[in-house]
Amino acid sequence: MKTQIELAREGVVTKQMQTVAADENMDAERVRDGVAKGQIVIPNNPFCKERKVVGIGRGLRTKVNASIGTSSDICDIDLEVRKAVAAEEEGADTLMELSAAGDLDAVRRAVLAATSRPVGNVPLYQAFKETIRRTRNPAKLDPEYLFDLIERQLVDGLSFMAIHCGINQYTIRRLRKQGFRYGGLASKGGTFMVAWMDMNGKENPLYEQFDRVCSLMKKYDAVLSLGNGIRAGAIHDSHDRAQMAEMIVNCELAEIGRAMGCQTMVEGPGHVPLDEIAGNIMLEKRMSGNAPYYVLGPIPTDVGAGYDHVTAAIGAAASARHGADLICYITPAEHLSLPTEADVREGVRVTRLAVHIGDLSKYPERRERDRQAAMARRDMRWGDLQDLLLFPEVARAIRDSRRPEQSKTCTMCGDFCAMKKGMEIFDKEISGDKVANLG
Ligand code: SF4
């Protein structure tokens, strides 16, 4: 079986590329070209049930990922399935199943059965969990078991995987020589792999046998997402030498994977101050040859817990604006607890809003919906306005709960409605549609 990238290089426009082009309202040849160059990926494991085809990368709408999964403290498969359904209902483009407790095969299969979205995971979670269960010692993880497990998970129908290939002994030396790390290590899979390398005095098998990782991913045409194990967990660690060492390796691996015919994207960067987000994305794009960039947040302050879905949305709008391609949501529970179903809904909503804002600047030509909404608001066509909003039912519920005396206005200003008064005076002069008239 040939992968999307191999077919694209042969000039073939696949069914998946056509679907992406139709969804994005763009030419299918442009999608093919982006896939051929490794700038667009389509996570669409052909061995699983029919799933929504989603394109991620250059020229496409910025996508939203929702991560769910059990923990050792809260382990309820039904709850995780409900969260998967909730994330899809709220408009998440992809899902990551990141369970770390319970029967991991069962929860993965239940989530895959419950959603039509492409699903990804982090195979190191199950690898270390099972090793600890069997031997009580994560250092005993057998690399052969890890590779077998990756394939077993792919057979179930995962469309992408975050695999921590970029952590190597060089990266760890940079970390040790640095002398600081305000936020410590923030990646579960990455930290366990660092510990394994340290305890065994060996190189990361996922780095050492990178061609084997790519071959496995190619066999299922799954997208290899190069995990960010040394990501910054505090804004003061942003772009430190350890993080940059891993980023350089990941960008290099993205190039190697792409050359092998494996669809590849790069992950990053964790906590990043707002003024460094543009630079971070520029570095990833420049060093990887514009591989799709999958970012977590970024989170631009360390003191927002309780509202970190908003913190991350601010980072997400900036990162989408500067070229990030897939953004992992953050929920109100971030840094505090496992999210509830309500947290998942809220997280997806604010992240969708953030990427919409980012995309308005990334693609200024795609502002038509906002223009239509502005005109509906100006003309006080409340029904039309609500239909154009990202969250119409929320807007409708708020307005309906506080009805104004005059149907055209709202209870914010009542008799002092500036919109109504302004249009009464200037209707003839400003109610035109000049942008549309200009074509
Ligand atoms: S009442 Fe105030 S907030 Fe409401 S539509 Fe009029 S100007 Fe806008």
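Residues numbered from 1 in each chain as written. Predicted model: local features only at pLDDT ≥ 70, side-chain atom pairs only at ≥ 80, totals over all residues.

*Asks:* Just checking my understanding: could you explain the overall build of the protein for this structure?
*Replies:* Helix and strand counts for the protein come out as 20 helices and 10 strands. Here the protein has a C-alpha radius of gyration of 23 Å; the compact-globule value for 439 residues is 22 Å, and the two agree. Expressed along its principal axes, the backbone C-alpha trace of the protein runs to roughly 80 × 50 × 40 Å. For the protein, the residues scored as buried account for 45% of the 439 residues in total. Across the protein, contacts joining residues at least 24 apart in sequence account for 74% of those joining residues at least 6 apart. (Helix = DSSP H or I, 4+ residues; strand = E, 2+ residues; numbered from the N terminus. Rg over C-alpha atoms; globule rule 2.2 N^0.38 Å. Buried ≥ 20, exposed ≤ 12 C-beta atoms within 10 Å, placed from the backbone. Contact = placed C-beta atoms within 7 Å.)

*Asks:* Help me out: how do you make sense of helix 5 (residues 104-114) in this one?
*Replies:* The α-helix winds at 3.6 residues per turn, so residues separated by three or four positions along the chain end up facing the same way. Taken together, the buried positions of helix 5 are L104, V107, R108, V111 and L112. Seen along its axis, helix 5 keeps its buried residues to an arc of 130°; they face one direction. Buried residues belonging to helix 5 abut helix 4 (77-90), strand 4 (94-97), strand 5 (119-121), helix 6 (123-135) and helix 7 (143-155). (Arc of directions from axis to C-beta.)

*Asks:* Sorry, what's going on with the packing of helix 12 (residues 241-259) against helix 13 (residues 277-288) here?
*Replies:* For any two helices packed against each other, the geometry comes down to the angle between their axes and how far apart the axes lie. Close contact between helix 12 and helix 13 brings their axes to 8 Å; oriented N to C, the two are set at 40°. Between helix 12 and helix 13, the interaxial angle falls into the category oblique. Helix-helix and strand crossings are classified by hand; for helix 12 and helix 13 the assignment is right-handed. Along its contact with helix 12, which presents M247, I248, C251, A254 and E255, the element helix 13 presents L283, E284, M287 and S288. Looking at the contact of helix 12 with helix 13 residue by residue, the classes come out as six nonpolar, one polar and two charged. (Axes fitted to C-alpha atoms, helices over the stretch in contact; angles between N-to-C directions. Parallel < 35°, antiparallel > 145°, perpendicular 65-115°, else oblique. Left-handed = near helix turned anticlockwise from the far one by under 90°. Nonpolar A, V, L, I, M, F, W, Y, C, P; charged D, E, K, R; others polar.)

*Asks:* Would you mind showing me how to read the domain arrangement of the protein here?
*Replies:* Many descriptions give the size of an interface as the accessible area lost when the pieces come together. Under the domain assignment, the protein is made up of domain 1 (4-365) and domain 2 (367-438). Each of domain 1 and domain 2 has a C-alpha centre, and the two are 39 Å apart. (Domains from an automatic or database assignment.)

*Asks:* How should the sheet that holds strand 7 (residues 223-226) be read in this particular structure?
*Replies:* In any sheet, the strands associate via hydrogen bonds between backbone groups, in a parallel or an antiparallel arrangement. The eight strands lie next to each other as 3-4-5-6-7-8-9-10, forming a closed barrel whose pairing is parallel. Sheet twist, expressed as the mean angle between neighbouring strand axes with direction ignored, is 25°. Here strand 3 (residues 63-68) pairs with strand 10 (residues 326-328) via three bridges, running parallel. By the bridge assignment, N65 is partnered in strand 10 with C328. (Pairing = 2+ DSSP bridges.)

*Asks:* Looking at this model, I keep getting lost on the site of the ligand. Mind explaining?
*Replies:* For the ligand, the full set of nearby residues is T409, C410, M412, C413, C417, A418, M419 and K420. Here the shell around the ligand is composed, by residue class, of six nonpolar, one polar and one charged. (Near = placed C-beta within 6 Å.)

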